[in-house]
Amino acid sequence: QVQLVESGGGLVQTGGSLRLSCAHSGRTFGSTTMAWFRQAPGKEREFVAGITWTGGSTYYADSVKGRFTISRDNAKNTVYLQMNSLKPEDTAVYYCAATRVIASRNRYQYDSWGQGTQVTVSS
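Please read these numbers as outputs of a predicted model, since none were measured by experiment.

About the criteria used
- Residues numbered from 1 in each chain as written.
- Predicted model: local features only at pLDDT ≥ 70, side-chain atom pairs only at ≥ 80, totals over all residues.
- Heavy atoms only, no water.
- Salt bridge = Lys/Arg side-chain N within 4 Å of Asp/Glu carboxyl O.
- Buried < 20%, exposed > 50% of the residue type's maximum accessible area, 1.4 Å probe, protein only.
- Phe/Tyr/Trp six-rings, centres within 6.5 Å; stacked < 30°, edge-to-face > 60°.
- Helix = DSSP H or I, 4+ residues; strand = E, 2+ residues; numbered from the N terminus.
- Core = buried A, V, L, I, M, F, W, Y, C linked by side-chain atoms within 4.5 Å.

> I'd like a rundown of the pattern of salt bridges, residues and numbers included.
One pass over the structure, following the stated rule, counts five salt bridges. E46 is paired through a salt bridge with R38; the nearest N and O atoms lie 2.7 Å apart. You can call E46 partly exposed: its relative accessible area is 36%. With relative accessibility at 6%, the residue R38 sits in the buried group. Each of R38, E46, R67 and D90 takes part in a single network of salt bridges with overlapping partners.

Given below as C-alpha cells:
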C-alpha cells in the first residue's frame, strides 16, 4: 500500500507562486509514476503534471505547460509541483497520485491518492 501526504496549498494572488509537496511511503518508489491532478468545484478531476520516478521524464497538461514544474527528490521520497504565474482558473483541490503505469494521464489508472490540498488564486 502506498501512502501519499500533500502539503503546501494556500491562498495566493493572480500571478503569484506556490510549491506543493507530496511525501511518499510504501511500495518501491522506483517503479512508480507520480502525478498531480486537480479538481475544481463541479468539475471532473483532471491531470496536471506527471513524472516517471526512474527516468525523471516529465509531462504536463497544456493548460499548465510553461507555468508549472514537477520534480522529485529520491532521497526524500517526495515529489513537488512548483506553480508560477497562477491564474484564478488554477483554483482547485490538488491531489498527488501514484501508479505503476508509465507516464499515464488517466486518473483511473492511479490506485493511490493523497487527501488533497486546496489552492485558491484570487483575482
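> Please give an account of the packing of aromatic side chains that cites residues and values.
All chains considered together, the criterion is met by six aromatic pairs. With a centroid separation of 5.8 Å and 80° between ring planes, the pair formed by F37 and F47 is classed as edge-to-face. Here F37, found in strand β4 (residues 33–39), pairs with F47, found in strand β5 (residues 46–52); they are ten residues apart in sequence, far enough to count as distant. As far as burial versus exposure is concerned, F37 and F47 are alike and both buried. An angle of 10° between the planes, with centres 5.2 Å apart, marks the rings of F47 and Y59 as stacked. Taken together, the residues F47 in strand β5 and Y59 in strand β6 (residues 58–60) connect sequence positions twelve residues apart.

> Residues and numbers for the nonpolar core, please.
M34, W36, V79, L81, M83 and Y94 are the most contacted members of the largest nonpolar core, which has 34 residues in total. Looking at this core, the elements that each hand over two or more residues are β3 (18–25), β4, β5, β6, β7 (68–73), β8 (78–83), β9 (92–99) and β11 (117–122). With five residues, the single largest contributor to this core is β9.

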